[in-house]
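Chain by chain, the residues:
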Amino acid sequence: MKLTTRGHYSVKALLDLSLQPNFGPASVNAIAKRQSLPAPYLEKLLMELRQAGLVRSVRGSKGGYQLAHPPVQISLGHILEAVGETVEPFTEQSAATQQAEDWVTLTLWKRLHQKLKESLYSISLEDLYFDARSWQAAQGAETSFVV
């Protein structure tokens with residue numbers, strides 16, 4: 001699996017939204033500035049995340065984007081899937097191989113693929129939130145936000 005900028009930026013953006021007080025909305029420009037991301041590209045990603053039901057847009061002067069669900073209900077797998085990332089290791093090969101080594105390695109890659117998918121869907125945005133808050137606390141940053 002190779003994580004592209006699409007996946008990386010999407011995770012950073014949703015983590016940023018999870019760190020907002022009371023999960024309130026944040027503008028694309030504010031997120032882009034805090035996360036050092038290009039705003040036009042981020043806007044496209046947030047639209048895809050909205051279409052997938054992970055974020056919602058809020059209109060008005062204090063509007064922007066906010067999480068559509070509590071962070072505990074949004075997994076890393078959901079985020080990556082929403083922006084078209086794939087964890088498929090390779091194109092499907094026939095299990096009817098002629099050599100034991102081919103069958104064993106194919107089975108191994110399938111098992112590893114399944115474990116990776118399970119991991120991605122078991123790590124929630126809330127887990128990342130607590131990791132971020134721990135890092136901020138270690139840096140002496142303000143940690144008054146509550147999940």
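This structure is a prediction, so every number in the text was calculated from the model and none was measured.

A. The environment of Gln51, seen in detail. Here Gln51 is to be found in helix H3 (residues 39-51). As a C-alpha pair, Gln51 and Val83 span 32 residues in sequence and 9.9 Å in three-dimensional space.

B. Fine view of the pairing of strand S1 (residues 55-58). In terms of strand pairing, S1 meets strand S2 (residues 64-67) through four bridges, oriented antiparallel. The residue of S2 that forms the bridge with Ser57 is Tyr65. Where S1 folds back onto S2 in an antiparallel hairpin, the turn is made up of five residues, including Gly60, whose phi is positive at roughly 110 degrees.

C. Fine view of the packing of aromatic side chains. Tallied over the entire structure, the rule returns two aromatic pairs. Taking the centre distance of 5.7 Å and the plane angle of 75 degrees together, the rings of Tyr9 and Tyr41 count as edge-to-face. Within this pair, whereas Tyr9 is found in helix H1 (residues 5-18), its partner Tyr41 is found in helix H3, the two being separated by 32 residues in sequence.

D. Structural context of the packing of H1 against helix H6 (residues 125-139). Two elements in contact, H1 and H6, have axes separated by 10 Å at closest approach and are oriented at 75 degrees. Here H1 lies roughly perpendicular to H6, going by the angle between them. Along the contact surface, H1 presents Val11, Leu14, Leu15 and Ser18, while H6 presents Leu125, Leu128, Tyr129 and Ala132. Residue composition of the contact of H1 with H6, grouped by class: seven nonpolar, one polar and no charged.

E. Fine view of helix H2 (residues 28-35). Buried within H2 we find Val28, Ile31, Ala32 and Gln35. Down the axis of H2, the buried set is contained in an arc of 100 degrees. They therefore lie on one face. Among the exposed residues of H2, those oriented more than 90 degrees off its buried face are Asn29 and Lys33. Next to the buried residues of H2 lie H1, H3 and S2.

Calculation rules
- Residues numbered from 1 in each chain as written.
- Predicted model: local features only at pLDDT ≥ 70, side-chain atom pairs only at ≥ 80, totals over all residues.
- Heavy atoms only, no water.
- Helix = DSSP H or I, 4+ residues; strand = E, 2+ residues; numbered from the N terminus.
- Pairing = 2+ DSSP bridges.
- Phe/Tyr/Trp six-rings, centres within 6.5 Å; stacked < 30°, edge-to-face > 60°.
- Axes fitted to C-alpha atoms, helices over the stretch in contact; angles between N-to-C directions.
- Parallel < 35°, antiparallel > 145°, perpendicular 65-115°, else oblique.
- Contact = heavy atoms within 4.5 Å.
- Nonpolar A, V, L, I, M, F, W, Y, C, P; charged D, E, K, R; others polar.
- Buried < 20%, exposed > 50% of the residue type's maximum accessible area, 1.4 Å probe, protein only.
- Arc of directions from axis to C-beta.

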